[in-house]
Amino acid sequence: MELLRTPDERFAALPGWDYAPRYTLVAADDGDAVARLRIHHVDEGPRDAPVVLLMHGQPTWCYLYRHVIPVLVDAGLRVLAPDLPGYGRSDKPARRDDYTYARQVRWMTEWLLYNDVRDATMVCQDWGSLIG
């Protein structure tokens, strides 16, 4: 699977966006154990606090939640906000056929497991609710 990546400088100086990028590598394709897809996420707040998982829809990215993240963190919560593959700072599969609902669910399931997300409260928008 060919993957595209938006250069980091495209995300410089975004208003209301002071979050360090964090990445998780997941298997890019069902049959390719080598290819890895990079999923970006925000991880803010105390590591031992209750988790709020913010899942965006299409065609946006976790920047959608830039006004929500600080409110939740100020309330003492841990906020996780991933960019779905194909959006924001996450890698973008190059071919339209690479985007399937099943793959999006598999990629995000692997992301959830790798980041040990448990007992989270989900806040979802659009396709983020179905994929999440």
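Residues numbered from 1 in each chain as written. Predicted model: local features only at pLDDT ≥ 70, side-chain atom pairs only at ≥ 80, totals over all residues. Heavy atoms only, no water.

Student: Run through the overall build of the protein chain, naming residues and quoting values.
Tutor: Across its full length, the protein chain carries three helices and seven strands. For the protein chain, whose C-alpha radius of gyration is 14 Å, the value lies close to the compact-globule estimate of 14 Å for 132 residues. For the protein chain, the C-alpha atoms occupy an extent of roughly 40 × 35 × 25 Å along the three principal directions. The 132 residues of the protein chain split such that 42% are buried. Counting only contacts in the protein chain whose residues sit at least 6 apart along the sequence, the fraction spanning at least 24 positions is 73%. On the protein chain, roughly 7200 Å² of surface is accessible, and the fraction owed to carbon and sulfur atoms is 53%. With 15 positive and 19 negative side-chain charges, the protein chain shows a separation of 2 Å between the mean positions of the two kinds. (Helix = DSSP H or I, 4+ residues; strand = E, 2+ residues; numbered from the N terminus. Rg over C-alpha atoms; globule rule 2.2 N^0.38 Å. Buried < 20%, exposed > 50% of the residue type's maximum accessible area, 1.4 Å probe, protein only. Contact = heavy atoms within 4.5 Å. Areas by Shrake-Rupley, 256 points an atom, 1.4 Å probe, with all protein chains shown as cover. Lys, Arg positive; Asp, Glu negative; His and termini not counted. Charge placed at Lys NZ, Arg CZ, Asp CG, Glu CD.)

Student: Which residues make up the environment of Y87, and what values go with them?
Tutor: With respect to the helices and strands, Y87 occurs in the loop between strand 5 (78–82) and strand 6 (92–93). Those residues within four positions of Y87 in sequence are excluded, and the remaining contacts are H56, Q58, P59, T60, W61 and K92.

Student: Could you give an account of the packing of aromatic side chains, naming the residues involved and the relevant values?
Tutor: For the structure shown, the criterion picks out five aromatic pairs. Consider the rings of F11 and W61, whose centres lie 5.2 Å apart with planes at 70°: the pair is edge-to-face. Separated by 50 residues along the polypeptide, F11 in the loop between strand 1 (3–4) and strand 2 (22–29) and W61 in the loop between strand 4 (51–55) and helix 1 (69–74) bring together distant segments of the chain. For F11, a relative accessible area of 10% gives the class buried. The exposure class assigned to W61 is buried, which follows from its relative accessible area of 15%. Summarising the aromatic geometry, the rings of W61 and Y63 are spaced 5.3 Å apart at their centres and angled 15° between planes, so their arrangement reads as stacked. Residue class for Y63 comes out buried when judged on its relative accessible area of 15%. Among the aromatic side chains, those forming a connected cluster through ring pairs are F11, W17, Y19, W61 and Y63. (Phe/Tyr/Trp six-rings, centres within 6.5 Å; stacked < 30°, edge-to-face > 60°.)

Student: Explain the pairing of strand 5 to me, using residue names and the numbers behind them.
Tutor: Counting buried residues in strand 5 gives five out of five residues, a clear majority hidden from the surface. On strand 5, burial covers both faces: R78, L80 and P82 on one face and V79 and A81 on the other are all buried. Sheet analysis places strand 4 next to strand 5, joined by three bridges and oriented parallel. Paired with V51 across the two strands is R78, which belongs to strand 5. (Pairing = 2+ DSSP bridges.)

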